[in-house]
Amino acid sequence: GEPDNSLILMRLGQTMGRIGEFDDSISLIKESYTKAINRKSKFKVKETDIKYILSKVPKTVGYYIWLKIYNSDKSLENEYIKNLYQEAYEFTLEGFKALNEDNHAEEYIDYQNNLVFYLTEINKIQDTEENRKLIREKLIAIEDGYKSPEDIDATILDTLLSSYYMLEDIDKCRIYSQLLKTKIFKKSYAFDDSEALDMLELADKVNDLVTKE
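Residues numbered from 1 in each chain as written. Predicted model: local features only at pLDDT ≥ 70, side-chain atom pairs only at ≥ 80, totals over all residues. Heavy atoms only, no water.

K.L.:
Which parts of the structure should I look at to understand the overall build of the protein chain?
P.N.:
Assigned secondary structure in the protein chain consists of 9 helices and 0 strands. N-terminal to C-terminal, the α/β element order of the protein chain is α-α-α-α-α-α-α-α-α. For the protein chain, the C-alpha radius of gyration of 18 Å lies close to 17 Å, the compact-globule estimate for 213 residues. Considered along the principal axes of its C-alpha atoms, the protein chain spans approximately 60 × 40 × 35 Å. Excluding contacts between residues fewer than 6 apart, the proportion of contacts in the protein chain whose partners are at least 24 apart in sequence is 64%. Total accessible area on the protein chain is roughly 12,000 Å²; 49% of this is exposed by carbon and sulfur atoms. In the protein chain, the 30 positive side-chain charges and the 41 negative ones have mean positions that sit 5 Å from each other. (Helix = DSSP H or I, 4+ residues; strand = E, 2+ residues; numbered from the N terminus. Rg over C-alpha atoms; globule rule 2.2 N^0.38 Å. Contact = heavy atoms within 4.5 Å. Areas by Shrake-Rupley, 256 points an atom, 1.4 Å probe, with all protein chains shown as cover. Lys, Arg positive; Asp, Glu negative; His and termini not counted. Charge placed at Lys NZ, Arg CZ, Asp CG, Glu CD.)

Pasting the structure below:
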């Protein structure tokens, strides 16, 4: 059977995710989280490793759920996509609860960013006032984490822009589309160029909205 060890399960799950076996990856990582919470492992797992699993694993699960959607070669039904994003949101939220904002400032923003992303994708499919309110609260929490908008990295700018675009907040869109474009033109990002192109596409789309006003 599978190793009854939260750390090994997490590593296995990450490996499966890297080779694109997303369903196996998600279920192994979820299992590692459950075992870590229940402190259940045949071999002793260090408390630092347990803490690591509890704070990192939920975000990883959300990420692999997103990759599963992003890399699907068939067109998925909206309802199915919405449910997957809902699952990503709820599981990521578990890890977020394990964080202490003061000790994990960067991680805290990372989590908020992912949560906002999932909520925004859900809201694109099923727009509710409750979701919008939650998204706004999280956007403000992200913005409050920076001394100045210039300090925000491209990935998080992309989320802010996408969410404010959905909320039709023209002023915020104006600020973040410029900042995002600047970062991309300066090649100030740590991801694939294909993602950078997607971001530029969004910035241009947003500019159309902004200039119409």
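More follows now that the structure is in view.
K.L.:
Would you take a moment to explain the pattern of salt bridges for this structure?
P.N.:
Under the defined criterion, the tally for this structure stands at 18 salt bridges. Note that Lys46 and Asp49 form a salt bridge whose closest N and O atoms lie 3.9 Å from each other. Lys46 gets classed as exposed once you look at its relative accessible area, which sits at 54%. The partner of Arg136 in a salt bridge is Asp169, and the shortest N-O contact between them spans 3.6 Å. Of this pair, Arg136 sits in helix H6 (residues 129-144) while Asp169 is found in the loop between helix H7 (154-166) and helix H8 (170-185), placing the two residues 33 residues apart along the sequence. According to the relative accessible area criterion, Arg136 is partly exposed, its value standing at 35%. When its relative accessible area of 17% is taken as the criterion, Asp169 is described as buried. Look at the salt bridges and you will find they share partners, linking Lys56, Lys59, Glu107 and Asp110 into a network. (Salt bridge = Lys/Arg side-chain N within 4 Å of Asp/Glu carboxyl O. Buried < 20%, exposed > 50% of the residue type's maximum accessible area, 1.4 Å probe, protein only.)

K.L.:
What am I meant to see in unusual backbone geometry here?
P.N.:
A negative phi holds for most residues other than glycine; trans holds for most peptide bonds. Even without being glycine, Glu168 reaches a positive phi, approximately 55 degrees. With respect to the helices and strands, Glu168 occurs in the loop between H7 and H8. Glu168 sits in the exposed class, given a relative accessible area of 59%. A positive phi angle, near 55 degrees, is found at Lys187, a position not held by glycine. Along the chain, Lys187 falls in the loop between H8 and helix H9 (193-212).

K.L.:
Got a minute to help me understand the packing of helix H5 (residues 105-125) against H6 in this structure?
P.N.:
The packing of two helices is summarised by the inter-axis angle and the distance between the axes. At a closest axis distance of 9 Å, the pairing of H5 and H6 adopts a crossing angle of 155 degrees. As judged from the angle between their axes, H5 and H6 are roughly antiparallel. As for how H5 packs across H6, the hand of that crossing is left-handed. In contact with Ile109, Gln112, Asn113, Leu115, Val116, Leu119, Thr120, Ile122 and Asn123 of H5, H6 contributes Asn131, Arg132, Leu134, Ile135, Lys138, Leu139, Ala141 and Ile142. Taken together, the residues of the contact of H5 with H6 break down into 10 nonpolar, 5 polar and 2 charged. (Axes fitted to C-alpha atoms, helices over the stretch in contact; angles between N-to-C directions. Parallel < 35°, antiparallel > 145°, perpendicular 65-115°, else oblique. Left-handed = near helix turned anticlockwise from the far one by under 90°. Nonpolar A, V, L, I, M, F, W, Y, C, P; charged D, E, K, R; others polar.)

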